[in-house]
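Okay, here's what each chain looks like letter by letter:
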Amino acid sequence: MESMAGCGMSWLKILGAVIVGALLLTVGILLGHFAIPKGGNGQGAPSWVQTVGRDLSESLLQSFMDQVESGKIRENLKSLASQPHMATTKGDEELVKLLLSRWQDPQIGLDSASEDVYGAFLSFPDPQRPNSVAVVENSSQIFSTRRSEKNVTADQAHADVVQPYAAYAPPGNPRGRLVYANQGKHSDYQELVNMGIDLNGTIAITRYGGAGRAAKAVNGAEFGVAGVVVYTDPADINDGRASDEETYPNSWYMPPSGVERGSYNGYFGDLLTPYYPAKEFTYRIKESEIQGIPPIPTQPIGFEDAQTLICDVQVNVHNQRVIKNSSNVMGFIRGSEEPDRYVLYGNHRDSWVHGAIDPSSGTAVMLEITRVLGKMLKEGKWRPRRSIIFGSWGAEEFGLIGSTEYTEEFYSKLRERSVAYINVDISVFANATLRAQGTPPAQSVIFAAAKQVQTPASSSVSVYDNWRNHFNRISPSYGVIPNLGSLGAGSDYASFIHYLGITSMDIAYTYDRNKTSARIYPAYHTAFDTFDYADRFIDPGFTSHQAVARTAGNVLLRLADSLVLPLNVSDYGEKLEELYSVAAQGDFLANLTVNNLSLDPLKAAIGRFKSVAADFNQRVTKLKEEESPSPLQIRMVNDQIMLLERAFLNPQAFPNKYYYSHVIWASKSSDEATFPGLADAYTSALETGDWDQVRKHLTIVVQAVESAASALEAVA
């Protein structure tokens, strides 16, 4: 009896505990149900739950554009171009301080700003022994070129204006018979030889264009040329205008005494530290191991002096090569939801002289964009979804040094985290229309931004429509659209696209090609590129600068704030088809066939890429249509979009070209408008009969396209 009673009591205790537990669970559920709002915004929810799904705010986008002021940009440019600011000079150092003070301003500054210093290998003329080109007769000098341009305006004159010179050209005083070598291309020198002209010991005079600056001297040296003189032909840059009355300050054309300075360097980045940041501890190669710079004395002159050179001339070059500290200035805005994803925006700071257009027009725009964003940030009205990094690059004019050293120093982090790079160097070449270059995924976001900005000429015409009227192409997918140009290596986007495989773009306003044939704005790299020149002839009123700021800023905000990255991967399909079609017809295809080379694997790979890209876009569309899309799914598709460009990289594809690893966009010497490696291999095979390299580069292209397709497939 005693044991039975104890058992009964135990069961009663268990039953009571169960009932109490059930009551507590019910109360908890009811409290949870009624105490927490259905939207999940209760105090108990972590803060990220409330914002992780937020998308781009169109009203904030419009507010940004409304706040961009042309007058502020004009003020910026006047300050930036007030004195020469060649890399590492006093003027450059003062601009470093200016940028730091703007980006650290408590009212309109960014979250933080810093200065990164690199020991750059640079080249300068000897101020005590000016370079020159002289006409000599027997032992007498009967003419010598100008030491600097003629002063035609007050703001042009300054003690720190550097004399014209060819950076990295070696010192020397070669003397010889003057020979005209057109543009200094290899074919130009070969043609002279074919005409029976002995080039050994001669001085070649060439005009800008056709071949790169350094190539004119490298090619000439191969044929025995002792020195090179380079001039700007008024037919190439002035629409033939050559008199004082027809040129600046009476028009935008370059005066007869104008000399285009420049870096005579065939590569980019610091020449002594390829693939490594140029820090104090860094290993440096020997100067004798540097490739791509002139092996013979070279000097630029004005077309006024070029007309005077006859018979025997002597090129006198006294350049000095030194390592000097050059700074990048970096500005940061931390992202709220995805701080580990970076949208980068940059422009170089250094110029050859005053540099009002190149590069200060771009820096003036960047400072206005950061002013407006900084103000919204400090007032608590906005913080981007992703982090934004602004870069003011140093020593770009010597070979894109600041930006390249940055990509080398932060190689792994940038490859893993960078969404896109926006470059605005020369923001306004002229005031007719937008001109944008970029990789295919950038097309969609640039188009979207350009449609929201009005052209300076008419509030009823968008920048997009005006651009389409000036530069257009017929797209199989979209019909008539603006033509997005391709990126070479002419500005700081080079290392981002070619080395890191980051989607990149370059945005500017430019001139009407129907009204001028100038290869670039006429005062380019001369002492005439001043604020007065910009204010009177390039963009009076600075409304084109304003349009660029609004467009580039719009692109920046879309990339930084959109829930799903606004980069269309399918647009790569059109470019791949375009490049393929060149190889799949005419003599190109016939020569491949004769040598048992088939394009079928490449055709199949491109077809697969287009199919996978279309499926990917459908998945993205469905994800956007969901009321509360999974943050993990959003992150996954964004990473696929971000990493697509990296899939086209092959570090082994171009072993003789520093930094070039992008199979679609690498440099090429061939005129064939197909995949660069394939084009060069094909052209070489026509001369040598060696088709193995063609087979190799076909393999490289097929593998790259297949890799890109795989990167877009649904994650298993």
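Residues numbered from 1 in each chain as written. Predicted model: local features only at pLDDT ≥ 70, side-chain atom pairs only at ≥ 80, totals over all residues. Heavy atoms only, no water.

(A) Spatial organisation of the sheet that holds strand β10 (residues 312-316). Taken in spatial order, the 7 strands of this open sheet run β3-β2-β10-β5-β6-β7-β9, and their pairing is mixed. Of all strands in the sheet, those bounded by a partner on one side alone are β3 (140-144) and β9 (298-301). Strand after strand, the sheet turns through a mean of 40 degrees between neighbouring axes, direction not considered. Where strand β2 (residues 132-137) meets β10, 4 bridges bridge the pair, whose relative direction is antiparallel. Note on β10: the bridge partner recorded for S132 is N316. Packed on one face of the sheet, helix α7 (residues 213-222) meets β6 (203-207), β7 (227-231) and β9 and runs near 150 degrees to β7. (Pairing = 2+ DSSP bridges. Helix = DSSP H or I, 4+ residues; strand = E, 2+ residues; numbered from the N terminus. Axes fitted to C-alpha atoms, helices over the stretch in contact; angles between N-to-C directions. Contact = heavy atoms within 4.5 Å.)

(B) Layout of the pattern of salt bridges. Here the structure, examined in full by the defined rule, presents 31 salt bridges. Between E260 and R213 there is a salt bridge, with its nearest N and O atoms 3.8 Å apart. One end of the pair, E260, is in the loop between α8 (234-237) and β8 (262-263); the other, R213, is in helix α7, with 47 residues separating them in the sequence. On the basis of relative accessible area, E260 is assigned to the buried category, the value being 2%. Put simply, R608 and E713 hold a salt bridge, and the shortest N to O gap is 2.7 Å. Placement of the pair is R608 in helix α20 (residues 600-625) and E713 in the segment after α23 (692-712), with a sequence separation of 105 residues. Each of E338, D340, R341, R385, R386, R635 and D639 takes part in a single network of salt bridges with overlapping partners. (Salt bridge = Lys/Arg side-chain N within 4 Å of Asp/Glu carboxyl O. Buried < 20%, exposed > 50% of the residue type's maximum accessible area, 1.4 Å probe, protein only.)

(C) Spotlight on the pairing of β6. Extensive coverage of β6 is indicated by the burial of 5 of its 5 residues. Going residue by residue along β6, you find I203, I205 and R207 tucked away on one face and A204 and T206 tucked away on the opposite face as well. Pairing between strand β5 (residues 175-180) and β6: 3 bridges, direction parallel. Across the sheet, L178 pairs through a bridge with I203, a residue of β6. One crossover worth recording links β5 to the parallel β6 by way of helix α6 (residues 186-194), and it is right-handed. Taken together, the 5 bridges between β6 and β7 define a ladder with parallel strand orientation. Opposite I203, over in β7, you have G227 as the bridge partner. Traced from β6 through α7 to β7, the parallel crossover comes out right-handed. (Right-handed = clockwise from strand over helix to strand, strands pointing away.)

(D) A look at the environment of A120. The residue A120 is located in strand β1 (residues 112-124) in this model. As for A120 and T273, which are separated by 153 residues in sequence, their C-alpha atoms are 9.0 Å apart. With residues up to four places along the chain from it excluded, the contact list for A120 reads D270, V322, I323, K324, S326 and I401.

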